[in-house]
Amino acid sequence: MELLANKVRPKSLNDIVGQQHLVGKGSIIYNLVKNKKIFSMILYGKPGIGKTSIANAIINELGMQYRFLNATINNKSDFDIVIEEAKMYGEMIVVMDEIHRLNKDKQDLLLPHIESGLIILIGLTTSNPYHSINPAIRSRCQIYELHELTIDDIILGMKKILPNLPGIKIDDEVLAYIARLSSGDFRNALNLLDVGYNASEDKKITIDLIKKINSKPVFFHDKNEDGYYEVLSAFQKSIRGSDVNAALHYLARMIEAGDLDSIYRRMSVIAYEDIGLANPGMGPKVRAAIETAELVGLPEARIPLGEVVIELALSPKSNSAIMGIDAALEDIRNGTTGNVPEHIHNGNPNYKYPHNFPKHYVKQQYLPDNIKNKVYYKPCSNKYEDNLNKIHDEMTK
């Protein structure tokens, strides 16, 4: 029996749930499809937020020949067949799932045909393509990030497909519960809806029935459905405020809800935004804890995560890095830039090479003339930054 998620897969961009920055009226992909012109692209984002659906909608609206391949499952001969089919038709869309796993042999097969336009590649991945995809493929594709779906996105998406479930009885409270339980994965929400519909005696879906199907607790959300973001915010603010007990409490709520991705992202931000230069070793420590958590999985993942959260909360804090880069970005965005000084242009003979001078330092201007006295980095008071400044002051005497 066909799964509901496959049965109701969007046939047009208008059917896509969320992702209006890509498929909404006037957006890039919307305009490309409207103008009947498509280029190779990579769509990346979390599972269940619309990557395959967007690819399907593009194919359907353009009416082009297409094939689906998986970079891991399909072998080299499968790729050869698709290339020959593309030659026969003149051009073809190839949707490549798990494109971050594409090996060199398959890549070498595809590259010249992507370059010539014979194959229009739509790569799908949950990994950040700037880190995980070979530059040769990446440089030939436009890269588009899909945003996480909100609770409202998922509720609206489910309501759109309810007519495909004859006789269903479900109220807004149950839809909201399913949306929260899905943790931003629309496919997961549809699967819960599908099982609930077929597991009920009278097609009536209740919260109790959904709890029997999926016992994962929903701790994130409050009655206003803002709890997901409130818990994430409380987690970061507790660490920033050095309240180790509160930090562990909110960490436990997220672990119990099984949302490891949110934990990883938020801890990584905290290490550089809130701990920063007061304890720069925390960035690598957080990364190591995440890698260990991924290696061992739950329930053991709670141990490295708990340990690193305790250290984050108890660590000295500094926001000098984020304040400095934000101040610099503000100048750039306001047009406060200027020309790079002539003496530090590449190959300029007037450049003074610092390593040729005592203490590996020589005074010279690096900033453009109109902002040459600009100060972006304003250190916070902590042992590490105090020491950095002491070394800098002694060097520049």
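Everything here concerns the structure above.
A brief report on the enclosed structure follows.

Cut-offs used in this document
- Residues numbered from 1 in each chain as written.
- Predicted model: local features only at pLDDT ≥ 70, side-chain atom pairs only at ≥ 80, totals over all residues.
- Heavy atoms only, no water.
- Helix = DSSP H or I, 4+ residues; strand = E, 2+ residues; numbered from the N terminus.
- Buried < 20%, exposed > 50% of the residue type's maximum accessible area, 1.4 Å probe, protein only.
- Contact = heavy atoms within 4.5 Å.
- Areas by Shrake-Rupley, 256 points an atom, 1.4 Å probe, with all protein chains shown as cover.
- Lys, Arg positive; Asp, Glu negative; His and termini not counted.
- Charge placed at Lys NZ, Arg CZ, Asp CG, Glu CD.
- Expected span 1.5 Å × (residues − 1).
- Bend = angle between axes of the 7 residues up to and from the residue.
- Polar contact = N/O pair within 3.5 Å; in protein donor to acceptor, adjacent residues only side chain to side chain.
- Core = buried A, V, L, I, M, F, W, Y, C linked by side-chain atoms within 4.5 Å.
- Arc of directions from axis to C-beta.
- Pairing = 2+ DSSP bridges.

## Considerations on the overall build of the chain
- A tally of regular secondary structure across the chain gives 19 helices and five strands.
- With the C-alpha coordinates aligned to their principal axes, the bounding extent of the chain is approximately 80 × 60 × 40 Å.
- Looking at the chain residue by residue over its 397 residues, the buried ones come to 43%.
- Contacts in the chain between residues at least 24 apart in sequence constitute 73% of all its contacts with a sequence separation of at least 6.
- For the chain, the computed accessible surface area is about 21900 Å², with 51% contributed by carbon and sulfur atoms.
- Computed over 47 positive and 49 negative side-chain charges, the separation of the two mean positions in the chain equals 3 Å.

## Overview of unusual backbone geometry
- Each neighbour pair has its own omega, and for L298 with P299 the value is 10°, a cis peptide bond.
- On the secondary structure map, P299 appears in the loop between helix 16 (282-296) and helix 17 (302-314).
- Here K359, not a glycine, exhibits a phi torsion of approximately 60°, which is positive.
- Notably, H360 is not glycine yet its phi reads approximately 60°, a positive angle.

## Things to note about helix 6 (residues 104-116)
- Helix length check: helix 6 (13 residues) gives 19 Å between terminal C-alpha atoms against 18 Å at 1.5 Å per residue, within 8%.
- Within helix 6, the axis deviates most sharply at L110, by approximately 30°, and proline P112 lies no more than four positions further along.
- Taken together, the buried positions of helix 6 are occupied by K106, Q107, L109, L110, L111, H113 and I114.
- Those residues of helix 6 that are buried lie in contact with helix 5 (76-89), strand 3 (92-97), strand 4 (119-125) and helix 8 (135-138).
- The opening residue of helix 6, the one whose side-chain oxygen lies 3.2 Å from the backbone nitrogen of D105, is N103.
- Among the residues trailing helix 6, G117 stands out with phi positive, at a value near 90°.

## Description of the nonpolar core
- In this structure, I29, I58, M158 and L193 are the most contacted members of the largest nonpolar core, which totals 55 residues.
- Not counting the four nearest positions on each side in its chain, I29 is found in contact with L13, L22, V23, M41, L43, I54, I58 and Y144.
- Within the second largest apolar cluster, 27 residues are counted, among which are F235, L251, I270 and I290.

## Considerations on helix 5
- With 14 residues, helix 5 extends 20 Å between its outermost C-alpha atoms, agreeing within 8% with the 20 Å of an ideal straight helix rising 1.5 Å per residue.
- Among the residues of helix 5, those classed as buried are F79, V82, I83, E85 and A86. Down the axis of helix 5, the smallest arc covering the buried residues is 160°, so these residues share one side.
- Contact partners of the buried residues in helix 5: strand 2 (66-70), strand 3, helix 6 and strand 4.

## A short note on the environment of V94
- Summarising the element assignment, V94 is placed in strand 3.
- A residue is classified by how much of its surface remains accessible, and V94, at 1% relative accessible area, is buried.
- Spatially, the C-alpha atom of V94 lies 42 Å from that of A252, the residues being 158 residues apart in sequence.
- Excluding residues that lie within four positions of it along the chain, V94 makes contacts with R67, L69, V82, I119, I120, L121 and I122.

## Focus on the pairing of strand 1 (residues 41-44)
- With burial as the criterion, each face of strand 1 is covered, one bearing M41 and L43 and the other bearing I42 and Y44.
- Pairing of strand 1 with strand 5 (residues 142-145), which is carried by four bridges, proceeds in the parallel orientation. In the sheet register, L43 faces strand 5, and the bridge partner there is Y144.

## Some remarks on the environment of I28
- Following the sequence through the fold, I28 ends up in helix 3 (residues 28-34).
- You can call I28 partly exposed: its relative accessible area is 48%.
- It is 11 Å that separates the C-alpha atoms of I28 and I143, two residues lying 115 residues apart in sequence.
- When near neighbours in sequence (up to four residues on either side) are disregarded, I28 contacts L22 and Y144.

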